[in-house]
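# Examination of the molecular architecture
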Amino acid sequence: MASLNRIEADYWFETPGDPRRTAEVMAGEQSSGTFVAVPGETPELMARAAARVERLDLLDHAQAPSLPSVDPAAPPAPGGYRRARLTLSWPLETTGPSLPNLLATVAGNLFELRQVSGLRLTDIRLPAAFADAYAGPKFGVAGTRALAGVPDGPLIGTIVKPSVGFGPEETAALVATLAGAGIDFIKDDELQSDGPLCPFEARVDAVMRAIEAEADRRGRKAMFAFNITGDLDQMRRRHDHVLKRGGTCVMASLNSVGLAGMIELGRFTQLPIHAHRNGWGYLSRSPQLGFDYRAWHKIWRLAGADHMHVNGIANKFSEPDASVIASAQACREPLFESRADAIMPVFSSGQTARQAPATFAALGSTDLIYAAGGGILAHPDGPAGGVTALREAWEAAMAQVPLQSYAQTHPMLARALERFG
Ligand SMILES: O=C(O)[C@H](O)COP(=O)(O)O
Ligand SMILES: [Mg+2]
């Protein structure tokens, strides 16, 4: 982010009223003002504390409001619903470099304002004081590669599936097979943490025995992201247990642990944090409401996320490919000029060998974790065949050889293409 002494936030919004007046309402609501003038809101106070409208670009009109209004029976706005792009700024002095208070400021009581019929936070830019206050990712791309022993190329990964139901030993047996096949990365599914069916510590112990045994043979330790999602004490205890057993990654569900949870984990951790974004749909699925990933991910990355989920090309959800790639590219851009803080985008959701070429072509980089759950485990020759097939798919993608041609001399890839056609 550029060097600034004000916080900046970009929005897309839609309004039945005058866009300039709406922008001023947003700035007022989120700084010194309220719905009516109050004593003390002097020009001097506003000069030091008020949010400022930095830029307003008018866009198209919509015939109908994108979001329901307070009075659904109200007649349509005579001139239609004007859309606009807006940049607001705030003096750093009002919030200080505090992520939770930043969130309440740039994404607080805005989305429900009656003056808007659509509102989306599209980006944020922060003063360097935030870089002093938050260390950001401790491992990022380089640290993850070093711990996983993968100096270049994608990290080929999977998710333990069935997501829940296996006990510790069944999980470890699957992990032994995957590690034996040369996988780089495995994660718990977000549904698996510390239930009685698969207690956390027993799972870590069994899985790490399998991983260490394979690491002794191969000289390279597969990275397993153990899901430590819980309250603060639980997360600290689980982190320490993973560390003690030689594990190299912990995972947390961002929307479950919340921002304070992630900040605390970011400060505490001695391991990379694999940040799962489950729940993202309720923050983003309507294009006229919520967040762009570019804005949202910056907050969690600054809090300490080293890997962040971005969905995947031709995913099993509803997100278009262009949006997935924009998210992944955002993870690769530095947050601050003063430090290298790129993080690993995690492509995951219905990924198979098939999407490797398009992913590589669109991203133009192999700094990613490519995690295929069903796409590895449901391979006709079993999970080991799935790992081999996915690696072959990426070899083909990087060499720009069509998958079908490469499959002629790579039977595991050929079987994957048949299975996931
Ligand atoms: O947590 C995840 O990333 C998903 O469970 C992905 O699973 P899938 O590869 O089987 O879709
Ligand atoms: Mg999952």
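This text follows the structure it describes.
In this text, all values refer to a predicted model and were calculated from it rather than measured experimentally.

### Here we look at the pattern of salt bridges
- Going through the model one piece at a time under the given rule, you end up with 29 salt bridges.
- The partner of Glu24 in a salt bridge is Arg21, and the shortest N-O contact between them spans 3.7 Å. Remark: Arg21 and Glu24 occur in helix α1 (residues 19–29); sequence separation between them is three residues, near one turn of the helix.
- Glu24 sits in the partly exposed class, given a relative accessible area of 38%.
- According to the relative accessible area criterion, Arg21 is partly exposed, its value standing at 48%.

### Observations regarding the layout of surface pockets
- Put simply, the largest pocket is a space of about 870 Å³.
- The wall of the largest pocket is formed by 39 residues, among which Arg277, Trp280, Asn311, Phe317 and Glu319 lie closest to the centre.
- Secondary-structure elements contributing two or more residues to the lining of the largest pocket are β4 (118–125), α11 (280–284), α12 (293–303), β11 (307–311), α13 (321–332) and α15 (374–377).
- When residues of the lining of the largest pocket are assigned to their parent elements, the largest contribution, four residues, is made by α13.
- Of the residues assigned to the lining of the largest pocket, the class counts are 10 nonpolar, 18 polar and 11 charged.
- In this structure, the second largest pocket spans a volume of roughly 480 Å³.
- Considering the residues around the second largest pocket, the lining is formed by 22 residues, among which Glu24, Val25, Gly28, Glu29 and Thr34 are closest to the centre.
- The element that contributes the greatest number of residues to the lining of the second largest pocket is α1, accounting for six residues.
- Considering only residue class, the lining of the second largest pocket consists of 10 nonpolar, seven polar and five charged.

### Details of the nonpolar core
- Membership of the largest hydrophobic core comes to 107 residues, with the highest contact counts inside it found for Tyr11, Leu99, Val106 and Phe130.
- Formed jointly, this core draws a minimum of three residues from each of two domains, domain 1 (6–133) and domain 2 (140–419).
- In contact with Val106, other than residues within four places in its own chain, are Ile7, Ala9, Tyr11, Trp90, Leu121 and Ile124.
- Among the nonpolar cores identified, the runner-up in size contains 14 residues, and Ala148, Met223, Met251 and Val346 belong to it.

Rules of the game
Residues numbered from 1 in each chain as written. Chains lettered and ligands numbered in written order. Predicted model: local features only at pLDDT ≥ 70, side-chain atom pairs only at ≥ 80, totals over all residues. Heavy atoms only, no water. Salt bridge = Lys/Arg side-chain N within 4 Å of Asp/Glu carboxyl O. Helix = DSSP H or I, 4+ residues; strand = E, 2+ residues; numbered from the N terminus. Buried < 20%, exposed > 50% of the residue type's maximum accessible area, 1.4 Å probe, protein only. 1 Å grid on protein atoms, 1.4 Å probe; cavity = no way out; pocket = protein on both sides within 12 Å on 5 of 7 lines; lining within 4 Å. Points joined across faces, edges and corners; volume = space filled by probe spheres on them. Nonpolar A, V, L, I, M, F, W, Y, C, P; charged D, E, K, R; others polar. Core = buried A, V, L, I, M, F, W, Y, C linked by side-chain atoms within 4.5 Å. Domains from an automatic or database assignment. Contact = heavy atoms within 4.5 Å.

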